[in-house]
Amino acid sequence: MSRSRAFLFNAVSASALQVVTLAAGFIVPRIMLTTYGSDINGLVTSVTQFIAYFKLVEAGLASAAVYALYAPLARREIGGINSILSAARNFYNKSGYIFVSLVLCLAVSYPVFVNSPSLTRLETAVLVLVIGGAGTLEFFTMAKYRVLLTAAQKIYIISLASICAIVLNTAIISVLATSGFSIVIVRGVALFSVFMRSLIFFLYVRRKYPFVNYHAKPDEKALSKRWDAFYLQILGSINTGAPVIIATLFTTLKIVSVYSIFHMVMAGVSGILSVAINGLFASFGDVIARKEQDVLQRAYNEFEFIYYMIISVAYGCAVVLIMPFIAIYTRGVTDTNYYLPVVGFLSVFNGLMYNIKTPQGMLVISAGLFRETRRQTSTQGLIAVLGGILFVQFLGLPGILAASILANLYRNIDLLFFIPKYVTKLPVKNSFMRILRIFLTIAIVWFTFSFSSVPQTSYTEWMKHALFVTVYAVSIVLAVNWFFEKAVFCSAFRRVCSVLTRR
């Protein structure tokens, strides 16, 4: 299967996954809010973020293993593939035991420091264990298969298995929560969805890769980049997860719930955008491993151009539509105020700043440049954490978001110069001008609709207006980018058409 064809296949399945994820991401929090209230929703969000941090005990392992598998997969070296997978399995098992220990410690300490009026301390502790159970299953049953499928550009299998798991998880939570079961029971039963996803991975790998042996002699040296990737991933998670932790420690669970709803919307936007890059890590990694510099430059230049047009449309629509959506989504929830336009604007701006660096960040991972970017990522993490702790004292939730924006701004500037120098050898000016056009097109879209009101009466009316806004945003973005870069526009258009029509 060609790279372009593999990308199309992965992109279609990833698109389906993002649609399902987006739907589930809206359904489940709404049920949590209306059934259990903002306090429990904030509690679950907080615990989930702590658990996400504990998963960092395997940070860098997946990236290093996938990177190490590119070459033996390209050369079809079965012995090399098995030795790397065996080493990955050993590391995942060791990391899993550490993860379980951390979850147990959190179950004991969390109820002492964070008090929920809706649950007893024992119930809170059990809830922590249940939420941590999903991560435990991933370490011991799923991770080693996901590494192989990612490196082999079989992202569509991961997507399809995840779709099945998300649908089952959403169905379980919806039925049990609305039936009056406690949040602890609901989350416990929902663990069956993780079992199902692991089973799908196991059956597929066993059928398509019968030569795979996870008990072969491990080649731990092949994962030498693991600790560099570990550091990079930890700092990346700090940057994305710091707002929830800071809000938990310095505000209330209701404020955490407010943040989670805005984050849910922006995560939905980022999820849609991830469709454009799913599968490309392996594709670009393969090109870099083969030292095909001309292919890399041409493909990256067109990808960056297309991706920046996509995020211009996405965030141009988001800045217009987010608050009307929040108003409709939280209607009937009266235990705290969710209609906060400043938080909405900052959430959109933060999401934009986070995704601007996606093309460059993708090449950092594809090229295995983990050690080379540690200092810059450390600085980004310090800005997000220290800035968030400082600003929250005076500005509350907007202060936390402002710190994240500053951190992302710093990283964007750094990668803007780093990737052309060490990977693509392309002019910095091209990327810089494209970023300026992102802000120009978003400003045009926002200004156009700033004098009109978006319907807040129903989802149907909101969706009708959203469709109109989207069509307008697409028109503006296409026109502006065609005017400034006609040659790249036509080249990218031809590539997209060739991918769509290739048999």
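Analysis parameters
- Residues numbered from 1 in each chain as written.
- Predicted model: local features only at pLDDT ≥ 70, side-chain atom pairs only at ≥ 80, totals over all residues.
- Heavy atoms only, no water.
- Helix = DSSP H or I, 4+ residues; strand = E, 2+ residues; numbered from the N terminus.
- Buried < 20%, exposed > 50% of the residue type's maximum accessible area, 1.4 Å probe, protein only.
- Contact = heavy atoms within 4.5 Å.
- Areas by Shrake-Rupley, 256 points an atom, 1.4 Å probe, with all protein chains shown as cover.
- Axes fitted to C-alpha atoms, helices over the stretch in contact; angles between N-to-C directions.
- Parallel < 35°, antiparallel > 145°, perpendicular 65-115°, else oblique.
- Left-handed = near helix turned anticlockwise from the far one by under 90°.
- Nonpolar A, V, L, I, M, F, W, Y, C, P; charged D, E, K, R; others polar.
- Expected span 1.5 Å × (residues − 1).
- Bend = angle between axes of the 7 residues up to and from the residue.
- Phe/Tyr/Trp six-rings, centres within 6.5 Å; stacked < 30°, edge-to-face > 60°.
- Salt bridge = Lys/Arg side-chain N within 4 Å of Asp/Glu carboxyl O.
- Polar contact = N/O pair within 3.5 Å; in protein donor to acceptor, adjacent residues only side chain to side chain.

A. Up close: the overall build of the protein. Of regular secondary structure, the protein possesses 18 helices and 0 strands. Split into buried and exposed, the 503 residues of the protein put 54% on the buried side. Of all intrachain contacts in the protein linking residues separated by at least 6 positions in sequence, the fraction that spans at least 24 positions is 86%. As presented, the protein carries roughly 22300 Å² of accessible surface, and 68% of it is formed by carbon and sulfur atoms.

B. Structural context of the packing of helix H9 (residues 253-274) against helix H11 (residues 293-329). With their axes 10 Å apart at the nearest point, H9 and H11 run at an angle of 150° to one another. With respect to H11, the axis of H9 lies roughly antiparallel. Crossing angle aside, the handedness with which H9 passes H11 is right-handed. Judged by residue contacts, Ile-261, Phe-262, Met-264, Val-265, Met-266, Val-269, Ser-270 and Leu-273 of H9 engage Tyr-307, Ile-310, Ile-311, Ala-314, Tyr-315, Ala-318, Ile-322, Met-323, Phe-325, Ile-326 and Tyr-329 from H11. In terms of residue class, the contact of H9 with H11 is made up of 18 nonpolar, 1 polar and no charged.

C. Focus on helix H3 (residues 78-113). Between its first and last C-alpha, H3 extends 51 Å over 36 residues, near the 52 Å set by a 1.5 Å rise per residue. Along H3, the sharpest kink reaches roughly 30°, centred on Ala-107 and followed within four residues by the proline Pro-111.

D. Representation of the packing of aromatic side chains within the structure. Applying the stated criterion to the full structure yields 21 aromatic pairs. The interplanar angle of 85° and the centroid separation of 6.0 Å between the aromatic rings of Tyr-209 and Phe-211 together place this pair among those described as edge-to-face. For Tyr-209, a relative accessible area of 11% puts it in the buried group. Classification of Phe-211 as partly exposed rests on a relative accessible area of 31%.

E. Spotlight on the environment of Leu-160. Turning to its location among the elements, Leu-160 is positioned in helix H5 (residues 155-178). The spatial distance from the C-alpha of Leu-160 to the C-alpha of Ser-13 is 6.7 Å, given a sequence separation of 147 residues.

F. Spotlight on helix H13 (residues 358-366). Burial of H13 is extensive: 7 of the 9 residues sit out of reach of the surface. Residues of H13 that are buried: Thr-358, Pro-359, Gln-360, Met-362, Leu-363, Val-364 and Ser-366. Positive phi appears at Gly-368, one or two residues downstream of H13, with a value of about 70°.

G. Layout of the packing of H9 against helix H12 (residues 341-356). Their axes nearest at 10 Å, the elements H9 and H12 cross at an angle of 30°. In this view, H9 runs roughly parallel relative to H12, as classed from their interaxial angle. Here H9 and H12 pass one another in a crossing that is right-handed. Of the residues in H12, those in contact with Phe-262, Met-266, Ser-270 and Leu-273 of H9 are Val-343, Gly-344, Ser-347, Val-348 and Asn-355. Partitioning the contact of H9 with H12 into residue classes produces 5 nonpolar, 4 polar and no charged.

H. Molecular detail of the pattern of salt bridges. The full count for this structure, using the stated rule, is 6 salt bridges. Note that Arg-411 and Asp-414 form a salt bridge whose closest N and O atoms lie 2.5 Å from each other. Placement of both Arg-411 and Asp-414 in helix H15 (residues 397-424) is noted, with a separation of 3 residues, approximately one turn of the helix. The salt bridge involving Arg-437 is made with Glu-485; its shortest N-O contact spans 2.4 Å. Taken together, the residues span a long stretch of sequence, with Arg-437 in helix H16 (residues 428-449) and Glu-485 in the loop between helix H17 (459-484) and helix H18 (486-501) at a distance of 48 residues. By relative accessible area, Arg-437 is classed as buried at 7%.

I. Quick look at the environment of Asn-41. Looking at where Asn-41 falls in the secondary structure, it is placed in helix H1 (residues 3-54). Once the C-alpha coordinates of Asn-41 and Ser-257 are considered, the two residues, 216 residues apart in sequence, prove to be 5.7 Å apart. Every residue in contact with Asn-41, bar those within four places of it in the chain, is listed here: Pro-29, Met-32, Leu-33, Ser-257, Ser-260 and Ile-261. Within the structure, the side chain of Asn-41 is placed 2.9 Å from the side chain of Ser-257, a separation counted as a polar contact.

J. Highlighting the environment of Asp-335. The residue Asp-335 is located in the loop between H11 and H12 in this model. Taking the C-alpha atoms as reference points, Asp-335 and Asp-39, 296 residues apart in sequence, are found 8.8 Å from one another. Apart from residues lying up to four places away in sequence, Asp-335 is in contact with Gly-37, Ser-38, Asp-39 and Lys-254. In terms of polar contacts, Asp-335 uses its side chain to reach the side chain of Ser-38, at 2.7 Å.

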